[in-house]
Every structure is written in structure tokens, then in C-alpha cells.
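Observations on the model geometry
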Amino acid sequence: MFDMMKMMGKVKEFQARMKEVQDNLEKLQAQGESGAGMVKATVTGKKTLIAVDIDPALLKSEDKVILQDLVVAAVNKAMDAADAMAKEEVRKNTDGLLPNIPGMDLGSLMG
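Model, not experiment: these values are computed from the prediction. (Residues numbered from 1 in each chain as written. Predicted model: local features only at pLDDT ≥ 70, side-chain atom pairs only at ≥ 80, totals over all residues. Heavy atoms only, no water.)

**Structural notes on helix H1 (residues 4-25)**
An ideal rise of 1.5 Å per residue puts 32 Å on 22 residues; H1 measures up with 31 Å between its terminal C-alpha atoms. Of the residues making up H1, those classed as buried are Phe14, Met18, Val21 and Leu25. Here the buried residues of H1 occupy an arc of 65° about the axis, which is enough to place them on one side. Opposite the buried face of H1, by more than 90 degrees, sit the exposed residues Met5, Lys12, Gln15 and Lys19. At its buried positions, H1 is contacted by strand E2 (39-44) and helix H3 (64-94). (Helix = DSSP H or I, 4+ residues; strand = E, 2+ residues; numbered from the N terminus. Expected span 1.5 Å × (residues − 1). Buried < 20%, exposed > 50% of the residue type's maximum accessible area, 1.4 Å probe, protein only. Arc of directions from axis to C-beta. Contact = heavy atoms within 4.5 Å.)

Below, the structure is given as C-alpha cells:
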């Protein structure tokens, strides 16, 4: 028989864990690089860009477009890595709390 009180308790526990996960994502950092490591970008688990490191050799270059493309590529890689980290963090912290519903991606709750 379906136990509504037990399910409500699980939902409350799930909400508490999701809040904890979201708080922890600010502390996680992911890095992406491009141009064989000449441009590096660092983002938090909440996808906030916190650092860009550019090899000085690129700053001497007259080709501004290449540098811009490398920065964009590095930031995008860091964002992808942060997204994967966030989904794994959600999975780790909510595993077993709610029933496994096919097609329900809890990682999407991280926005």
C-alpha cells in the first residue's frame, strides 16, 4: 500500500539534499582549455566564469580573432565540465531518495 507520509518525508529529504548540493556547487571548479593549453578558463559548478589564463605568447600576437576564438572555446569546455560535475553531484547526493523514473533527469533541476 502507498504510504503518503513516507513519500512526503522523502520529498523533504530530497529538497534538503538539493539545497545542500546547490550550495556545494559554488565551491566546485571546472577548467577548460584550448590552443594546446594556451588559454584556460575556470568556472564554478554554478557556471560562473571566475578566471581566464592566457599564455603571454598570445598577447604578443597581432591576431586578435584567434585569441577570441580560443577564449570562447576554453570557456565552453569549462562550462561543459561544470555541467557534468553538477549532474554527478546531484546524482551522488540524491541517489535512492526518489524512485528511478525513466526519463526523469534530476540534473536538469540544477538549471
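**What about unusual backbone geometry?**
The phi dihedral of Ala36 is positive, around 55°, even though this residue is not glycine. Tracing the sequence through the fold places Ala36 in the loop between strand E1 (29-34) and E2. Even without a glycine there, the phi angle at Lys47 is positive, about 65°. On the secondary structure map, Lys47 appears in the loop between E2 and strand E3 (49-54).

**Remarks on the pattern of salt bridges**
Tallied over the entire structure, the rule returns 6 salt bridges. The salt bridge partner of Lys47 is Asp83, with a shortest N-O separation of 3.4 Å. Of this pair, Lys47 sits in the loop between E2 and E3 while Asp83 sits in helix H3, and the two are 36 residues apart along the sequence. By relative accessible area, Lys47 is classed as partly exposed at 35%. (Salt bridge = Lys/Arg side-chain N within 4 Å of Asp/Glu carboxyl O.)

**Let's talk about the environment of Met85**
Mapped onto the fold, Met85 is located in helix H3. When the C-alpha positions of Met85 and Gln29 are compared, they lie 8.8 Å apart, and in sequence the two are 56 residues distant. In this structure, Met85 is in contact with Leu28, Gln29, Ala30 and Gly45, ignoring residues within four places of it in sequence.

**What to know about the sheet that holds E1**
Pairing in this open sheet of 3 strands is antiparallel, and the strands run E1-E2-E3 from one edge to the other. Taken across any chain shown, the strands that pair with only one partner, and hence form the sheet edges, are E1 and E3. The average undirected angle you get between the axes of adjacent strands in this sheet is 15°. (Pairing = 2+ DSSP bridges. Axes fitted to C-alpha atoms, helices over the stretch in contact; angles between N-to-C directions.)

**So, the UniProt feature "coiled-coil region" (unreviewed entry) in the protein**
Residues given the UniProt feature "coiled-coil region" (unreviewed entry) here are residues 4-31. Note that residues 4-31 is 79% helix and 11% strand, and that its end C-alpha atoms are spaced 43 Å apart. (UniProt positions renumbered as here; feature names shortened; annotations may be inferred.)

**As for the packing of H1 against H3**
Running from N to C, H1 and H3 cross one another at 145°; their axes reach a closest spacing of 10 Å. Between H1 and H3 lies a crossing of right-handed hand. Contacts between H1 and H3 involve Phe14, Arg17, Met18, Glu20, Val21, Asn24 and Leu25 from the first element and Ala86, Glu89, Val90, Asn93 and Thr94 from the second. Partitioned by chemical class, the residues of the contact of H1 with H3 number 6 nonpolar, 3 polar and 3 charged. (Left-handed = near helix turned anticlockwise from the far one by under 90°. Nonpolar A, V, L, I, M, F, W, Y, C, P; charged D, E, K, R; others polar.)

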